[in-house]
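Structural description and commentary
This is what each chain is made of:
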Amino acid sequence: MRFFLISDNVDTLVGMRLAGIEGIVVHEAPEVRAALQKAYHDETIAVVLITERLLTLCSEYAYDLKLNHARPLIVEIPDRHGNGRTKDAITRYVRESIGVKI
């Protein structure tokens, strides 16, 4: 099983390649969705790393994959502009996914 990166930044891709992680650079929502579909259908990909900005472009599809499929694990990573999460992002995610208020 391997990692796969979906990024909007060439520098992030180069850094991940140095760690042995292959990936793709995309900028538009249809490209993000296509890359996620490719990763989902590739049996060798276990973990998809995706930058925060790209995840916001295709959040409904990505969260559907996260909640309804065991593989691949989709991990949101900060992009070059830093962490854009609000302080209650994890709480909101839990509330939306399982309906429990924390």
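These notes cover the structure that comes with them. Because the structure is predicted, anything quoted here is derived from the model rather than measured.

1. Describing the overall build of the protein chain
On a plain count of helices and strands, the protein chain comes out with five helices and four strands. Helices and strands appear in the protein chain in the N-to-C order β-α-β-α-β-α-α-β-α. In the protein chain, which comprises 102 residues, the share counted as buried stands at 33%. Residue pairs at least 24 apart in sequence account for 67% of intrachain contacts in the protein chain once pairs closer than 6 positions are excluded. Total accessible area on the protein chain stands at roughly 6,400 Å², and carbon and sulfur atoms take up 56% of it.

2. Concerning the pattern of salt bridges
What the rule picks out here adds up to four salt bridges. Between Arg53 and Asp8 there is a salt bridge whose closest N-O contact spans 2.8 Å. With Arg53 in helix α3 (residues 52-57) and Asp8 in the loop between β1 (2-7) and α1 (10-18), the pair connects residues that are 45 residues apart, well separated along the chain. Across the pair Glu22 and Arg17 runs a salt bridge, and its minimum N-O distance is 3.6 Å.

3. A short note on the packing of helix α2 (residues 29-41) against helix α4 (residues 59-68)
For the pair α2 and α4, interaxial distance at closest approach is 10 Å and the crossing angle is 15 degrees. In terms of axis orientation, α2 runs roughly parallel to α4. Here α2 and α4 pass one another in a crossing that is left-handed. Touching Arg33, Leu36, Gln37 and Tyr40 of α2 are Tyr61, Ala62 and Leu65, all from α4. For the contact of α2 with α4, a count of residues per class yields five nonpolar, one polar and one charged.

4. Some details on α4
The complete set of buried residues in α4 reads Tyr61, Ala62 and Leu65. Relative to the axis of α4, the buried residues are bounded by an arc of 100 degrees and lie together on one face. Projecting away from the buried face of α4 at angles above 90 degrees are the exposed residues Glu60 and Asn68. Tucked inside the fold, the buried residues of α4 contact α2, α3 and β4 (73-77).

Reading the values: the criteria
- Residues numbered from 1 in each chain as written.
- Predicted model: local features only at pLDDT ≥ 70, side-chain atom pairs only at ≥ 80, totals over all residues.
- Heavy atoms only, no water.
- Helix = DSSP H or I, 4+ residues; strand = E, 2+ residues; numbered from the N terminus.
- Buried < 20%, exposed > 50% of the residue type's maximum accessible area, 1.4 Å probe, protein only.
- Contact = heavy atoms within 4.5 Å.
- Areas by Shrake-Rupley, 256 points an atom, 1.4 Å probe, with all protein chains shown as cover.
- Salt bridge = Lys/Arg side-chain N within 4 Å of Asp/Glu carboxyl O.
- Axes fitted to C-alpha atoms, helices over the stretch in contact; angles between N-to-C directions.
- Parallel < 35°, antiparallel > 145°, perpendicular 65-115°, else oblique.
- Left-handed = near helix turned anticlockwise from the far one by under 90°.
- Nonpolar A, V, L, I, M, F, W, Y, C, P; charged D, E, K, R; others polar.
- Arc of directions from axis to C-beta.

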